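Chain by chain, the residues run as shown.
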Amino acid sequence: MSTEKKYKSKYILSNPNADEPTRKVYDYICESYGKYMISAQQESTWRGSPDYEMDHILKATGKLPAMRGPDFMGGDFNGVVARSKAWHEKGGLVTMCWHTGIYGGSYLESKDDVPDFEKLFTLGTSENIKMLENWDKAATALAKLRDFGVPVLWRPFHEFDGGWFWWGKDGGDNFIRLWKMMYDRFTNEFGLTNLIWILGYSGEVNDGWYPGDDYCDIIGSDTYDSSTHSAAWTKLHKIISGSKPFALHECGNIPPVEDFERDGCLWSWFMIWHTDHIMGNDIDNLRAVYNSPKVITLDGLPGNHSQT
């Protein structure tokens, strides 16, 4: 008879069947929330090296971010799986978004596609079949990461309430229906037990877009105005009925850590966007942020955050 003790979670994910590595990551994030901010960086893949941003941060600060942000954009499923697995093996965390059109494609399609939601929601229509075929490519890639033991902080349909991406072009009701459809398919049909679901609002944080506490684990907002985004923090508190960590899931210039403390909004993590956005950050401030005792970098993550 095995005497091995099962890991008992302190914080409960929306998916009751979440696997142990994922539950450990969520517990770590919840325990850190309000005390520290986790550093995160969105990657690019088209400026010489997929580590373009990471190399810049390391040179500027002597540190690497705790969390890396890949994107399935352009159907880069195999590349994202490989980089996510490698980052996990370094001891890092992975958060993921997806710029996609309705049936595939990339950034342009994510903004230019015009959905017919009734056809997309009707099983068996060509529109529904093609949309689900696209989703299933992402689900298959996420399943590979599950099998590698890699938890993923999954942020689909981001900035939905802004209305510029196809998934937000017909208001909150259809977005909520779309979100629940993907949640159910990925959770129940694909058995993706390695996902922590992030509901990523635009900077406005508009009412009428919340799918409910049972369909997400972390909520957040983004800004490119160089502020601590404290106004969004206040709005998010009015949306949820329970308690969930808040993330600043995209930003441009990161303010000094002291500004976040002053404004009472130590986000669970901040993720600076790629290329010109990270390069536009003041080097001295970036160094100070990455070396703040309030900021968790890759070397500061517990070695067993996703292991036994």
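Because the structure is a prediction, the values reported are computed rather than measured.

Asks: I'm lost on the pattern of salt bridges in this one. Help?
Replies: According to the stated counting rule, one finds 18 salt bridges in the structure shown. Between R155 and E250 there is a salt bridge, with the nearest N and O atoms lying 3.2 Å from each other. In this pair, R155 is assigned in the loop between β4 (152–154) and α7 (172–189) and E250 in strand β7 (residues 246–251), connecting sequence segments 95 residues apart. One exposure class covers both R155 and E250, and it is buried. Among the charged side chains, a salt-bridge network with shared partners connects E43, D51, R68, D76 and R83.

Asks: Would you mind showing me how to read the pairing of β7 here?
Replies: Among the six residues in β7, six count as buried, and that is most of the element. Direction of pairing for β7 relative to strand β8 (residues 269–272): parallel, over a ladder of two bridges. Bridge pairing in β8 links C251 to I272. On the question of chirality, the crossover connecting β7 to the parallel β8 by way of helix α9 (residues 257–263) is right-handed.

Asks: Which parts of the structure should I look at to understand the side chain of N285?
Replies: In this structure, N285 sits in helix α11 (residues 283–290). One polar contact links the side chain of N285 to the main-chain carbonyl oxygen of I254, over a distance of 2.7 Å. In this view, N285 contacts I254, P255 and P256; residues no more than four positions away in its chain are not counted.

Asks: How do you make sense of the packing of aromatic side chains when you look at a structure like this?
Replies: This structure, assessed with the given rule, holds 27 aromatic pairs. On the numbers, 5.0 Å between centres and 50° between planes, the contact of F72 with F77 is tilted. Look at F77 and you get buried, because its relative accessible area is 12%. Both rings, one in W179 and one in W197, keep their centres 5.7 Å apart while their planes meet at 70°; by these two values the pair is edge-to-face. Residue W179 is located in helix α7, and its partner W197 is located in strand β5 (residues 195–200); the two are separated by 18 residues in the primary sequence. Judged by relative accessible area, which is 1%, W197 ranks as buried. Sitting over the face of the ring of F148, K85 holds its NZ or CZ atom 4.9 Å from the ring centroid. Above the plane of the ring of Y103 lies K130, whose end atom (NZ or CZ) is 4.4 Å from the centre.

Asks: Can you help me understand the environment of G208 in this one?
Replies: You can see G208 is positioned in the loop between β5 and β6 (218–223). Its relative accessible area of 51% is what places G208 among the exposed residues. It is 7.6 Å that separates the C-alpha atoms of G208 and D173, two residues lying 35 residues apart in sequence. Other than its neighbours up to four places away in sequence, G208 contacts G172 and I176.

Asks: How do you make sense of the confidence of the model for the chain when you look at a structure like this?
Replies: Caution is warranted with low-pLDDT regions, since their predicted coordinates should not be read in detail. Looking at the chain as a whole, the pLDDT averages 95, with 97% of positions reaching at least 70. The secondary structure element of the chain with the lowest average pLDDT is helix α8 (residues 230–239), at 96, and the one with the highest is β4, at 99. Residue range residues 304–308 is modelled with pLDDT below 50. Its contacts to residues more than four positions away, or to other chains, number 13 contacts.

Asks: What is the right way to read α11 from this model?
Replies: Inspection of α11 places N285, L286, V289 and Y290 among the buried residues, and these make up the whole buried set. In a view along the axis of α11, the buried residues occupy a sector of 130°, so they form one face of it. Summarising the contacts, the buried residues of α11 are in contact with β1 (37–42), α2 (52–61), α9, β8, α10 (276–279) and β9 (295–296). Capping of α11 at its N-terminal end is provided by D282; its side-chain oxygen lies 3.2 Å from the backbone amide nitrogen of D284.

Asks: Quick question: what am I supposed to make of the packing of helix α6 (residues 126–147) against α7 here?
Replies: Two quantities define a packed helix pair, namely the angle between the helix axes and the distance between the axes. Contact geometry for α6 and α7: axes closest at 11 Å, N-to-C directions at 50°. The angle between α6 and α7 falls in the class oblique. Crossing of α6 against α7: the hand is right-handed. Contacts from N128, M131, L132, W135, D136, A138, A139 and L142 in α6 reach L178, M181, M182, R185 and F186 in α7. Its residues assigned to classes, the contact of α6 with α7 shows ten nonpolar, one polar and two charged.

Asks: Please explain the nonpolar core as it appears in this structure.
Replies: Formed by 97 residues in total, the largest nonpolar core has its most connected members in F72, W135, W154, F186, W267 and W269. Of all the elements, α6 adds the most residues to this core, at nine residues. In this structure W154 touches F72, M96, C97, W98, L142, M182, F186, L195, I196, W197 and I198, once residues within four positions along its chain are discounted.

Asks: What is the right way to look at unusual backbone geometry in this model?
Replies: Glycine aside, residues mostly have negative phi, and peptide bonds are mostly found in the trans state. Look at E159: it is not a glycine, yet its phi comes out positive at around 55°. Here E159 shows up in the loop between β4 and α7. Even without glycine at this site, H229 takes up a positive phi of about 65°. Relative to the helices and strands, H229 resides in the loop between β6 and α8.

Definitions and limits used
- Residues numbered from 1 in each chain as written.
- Predicted model: local features only at pLDDT ≥ 70, side-chain atom pairs only at ≥ 80, totals over all residues.
- Heavy atoms only, no water.
- Salt bridge = Lys/Arg side-chain N within 4 Å of Asp/Glu carboxyl O.
- Helix = DSSP H or I, 4+ residues; strand = E, 2+ residues; numbered from the N terminus.
- Buried < 20%, exposed > 50% of the residue type's maximum accessible area, 1.4 Å probe, protein only.
- Pairing = 2+ DSSP bridges.
- Right-handed = clockwise from strand over helix to strand, strands pointing away.
- Polar contact = N/O pair within 3.5 Å; in protein donor to acceptor, adjacent residues only side chain to side chain.
- Contact = heavy atoms within 4.5 Å.
- Phe/Tyr/Trp six-rings, centres within 6.5 Å; stacked < 30°, edge-to-face > 60°.
- Lys NZ or Arg CZ within 6 Å of the ring centre and 35° of its normal.
- pLDDT = per-residue confidence, 0-100.
- Arc of directions from axis to C-beta.
- Axes fitted to C-alpha atoms, helices over the stretch in contact; angles between N-to-C directions.
- Parallel < 35°, antiparallel > 145°, perpendicular 65-115°, else oblique.
- Left-handed = near helix turned anticlockwise from the far one by under 90°.
- Nonpolar A, V, L, I, M, F, W, Y, C, P; charged D, E, K, R; others polar.
- Core = buried A, V, L, I, M, F, W, Y, C linked by side-chain atoms within 4.5 Å.

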